[in-house]
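# Close look at the chain arrangement
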Amino acid sequence: MAKRLVDNMNSLYIGAANRLKSKKARKKIIAYVESYDDILFWRNVLSAYENENRYFEVMLPSRTTLNRGKKPAMMNVLNNSLGESVIACVDADYDYLIQGETTTSKQMLENPFIFHTYAYAIENYQCNASNLHEVCVMATLNDHELVDLKSFYQLYSQIVYPLFAWNVYFYRQKDLKSFSILTFCNAARIDTLKIEEPAKTLEKLQRRIERKVTDFETNYPELVADVEEVKKELYQLGVYPENTYYFIQGHHLFENVTMKVLSPICAYLRREREDEIKALATHETQLQNELTSYEHSQCSVELMLKKNRSITNCEPFEKLKRDLEKYLSQLN
């Protein structure tokens, strides 16, 4: 009896072990990414396409050096003869917008095993306005919506769009001296958000942007028509006045816009929750215990943004998904 029980247990163990092994027999696709922050983003994207036949392993560009970045990730594909088993997943940067005007842009757009974000970078997806309120809730555990963030980012995009077009024009001309990305980002920053009057924050930004646009139109009147043509070309690429924030520099959007917006919102929400606890506590011990419990339950809004997985449908991400689905449909 005991022997039969042991045999049955061994059989169950061997069957379970074989099932585990069978997963490893699936086709492995190596996905090279630019840096540490990219690993979680691309793991979340690619995991949706794993099945009984394939799985992805997301890797940094090198296991033998500390080389990071777009070019090292892409070179793993360009120098690899394995083809469909090795892909690169990179930020689009401005390489998508200049449509093959540089070697890097041409390689990124034409190689079927290199996938890009369409948006400037993964940070632009992390700052997706449709779910920034949920990020605030995750950070503060307070579901009070103080600002319509989706409308805020739409207005922000419309304000910076005219200056963004000038920046793309100069970038396409390889003229980084007349108007660099850094200069554009400095003009497109948010200084601080006034929660009670968010419109004033945007009004201040609009005045700054309009001054810069006027300066360019005054100093380069011969280029105004060319910039209008750039706007038409950007429209064909899916860049519209209301969604410009997807295409500006990702680190700038994360640090100098979104964090500037969410930090005061989250600070307000935390104070609101703490005031509620203070009002409801019946004695000092309960007050301190509840405040401590709430403090331990909170998270950094910056961390919640970086781990933001709720990428809702938007045109740049839909294009990325279509590229991946086309590639996967052609695998053996």
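Preceding this paragraph is the structure being described.
Described in the following lines is the structure provided in the data block. Residue numbers run consecutively from 1 along every chain, following the written order of its sequence. Note on the predicted model: pLDDT of at least 70 is required for a residue's local features to be given, and 80 or more for side-chain atom pairs to be given and counted; whole-chain, interface and lining totals, by contrast, use all residues. The side-chain figures draw on all heavy atoms in the structure; neither hydrogens nor water molecules are used.

Our focus in this paragraph is the packing of helix α11 (residues 250-280) against helix α12 (residues 284-297). Under this scheme, a helix contributes an axis fitted over its contacting stretch, all axes are lines through C-alpha atoms, and angles between N-to-C directions fall in the 0 to 180 degree range. Numbering goes from the N terminus for both helices and strands, where a helix is a DSSP run of H or I of at least four residues and a strand is a run of E of at least two. Relative to each other, α11 and α12 sit at 155°, their axes nearing to 9 Å. By the criterion of interaxial angle, the relationship of α11 to α12 is roughly antiparallel. α12 is crossed by α11, and the crossing has right-handed handedness. Note on element contacts: α12 touches α11 through Q286, L287, E290, L291 and Y294, opposite L269, R270, R273, E274, I277, K278 and L280. In the scheme used here, Gly and all other residues not listed as nonpolar or charged are polar, with Ala, Val, Leu, Ile, Met, Phe, Trp, Tyr, Cys and Pro taken as nonpolar and Asp, Glu, Lys and Arg as charged. Among the residues making up the contact of α11 with α12, the classes are represented as six nonpolar, one polar and five charged. By the definition adopted for this analysis, an angle is roughly parallel if under 35 degrees, roughly antiparallel if over 145, roughly perpendicular if from 65 to 115, and oblique otherwise. Crossing handedness is defined as follows: a turn of the near helix away from the far one that is anticlockwise and smaller than a right angle gives a left-handed crossing, while the clockwise case is right-handed. When checking whether two residues touch, look at their non-hydrogen atoms; a contact exists if any pair is within 4.5 Å.

With that settled, the discussion passes to the sheet that holds strand β1 (residues 27-33). With parallel pairing, the four strands of this open sheet are ordered in space as β2-β1-β3-β4. A single partner strand is all that each edge strand has here, and the edge strands are β2 (54-59) and β4 (114-116). On average, each strand axis in the sheet is tilted by 25° relative to the strand beside it, whichever way the strands run. Direction of pairing for β1 relative to β2: parallel, over a ladder of six bridges. Along β2, the bridge assignment pairs K27 with R54. Two strands are counted as paired when DSSP detects at least two bridges linking them.

Moving on: unusual backbone geometry. One non-glycine residue with positive phi stands out, namely Y118, at about 65°. Following the sequence through the fold, Y118 ends up in the loop between β4 and α5 (122-126). Residue classification places Y118 among the buried positions, given a relative accessible area of 12%. Of note in this structure, K174 is not a glycine but carries a positive phi near 60°. Residue exposure (1.4 Å probe, protein chains only): buried if accessible area is under 20% of the type maximum, exposed if over 50%, otherwise partly exposed.

Below, the discussion takes up the environment of E134. Residue position: E134 is located in helix α6 (residues 132-140). A sequence separation of 170 residues divides E134 from M304, and the C-alpha atoms of the two residues are 9.5 Å apart.

Looking now at the nonpolar core. Here, nonpolar core refers to any group of buried Ala, Val, Leu, Ile, Met, Phe, Trp, Tyr and Cys residues whose side-chain atoms link them within 4.5 Å. One finds L97, Y156, F164, L262 and I265 to be the most contacted residues of the largest nonpolar core, which totals 98 residues. At 13 residues, helix α7 (residues 149-172) tops the list of elements feeding residues into this core. Residues contacting L262, with those up to four places away along its chain left out, are L132, V135, C136, L149, V301 and L305.

One covalent bond between the sulfur atoms of two cysteine residues makes up a disulfide. Throughout, disulfides are identified as pairs of cysteine sulfur atoms within 2.5 Å of each other. Summed over the entire model, instances satisfying the criterion amount to zero disulfides. We note that C266 lacks a disulfide partner, and the nearest cysteine sulfur, in C136, lies 3.9 Å from it. C266 gets classed as buried once you look at its relative accessible area, which sits at 1%.

Moving on: helix α10 (residues 224-236). Helix length check: α10, at 13 residues, gives a terminal C-alpha distance of 19 Å against a target of 18 Å (1.5 Å per residue), a fit within 8%. Looking at α10, one finds that the buried residues are V227, V230, K231 and L234. Along α10, the residues classed as buried sweep out an arc of 105° about the axis, all on the same side. Opposite the buried face of α10, by more than 90 degrees, sit the exposed residues A225, K232 and Q236. Of the surrounding elements, those touching the buried residues of α10 are α7. Positive phi appears at G238, one or two residues downstream of α10, with a value of about 90°. To estimate the expected span of a helix, count its residues, drop one, and scale the result by 1.5 Å. This arc corresponds to the set of directions leading from the helix axis out to the C-beta atoms.

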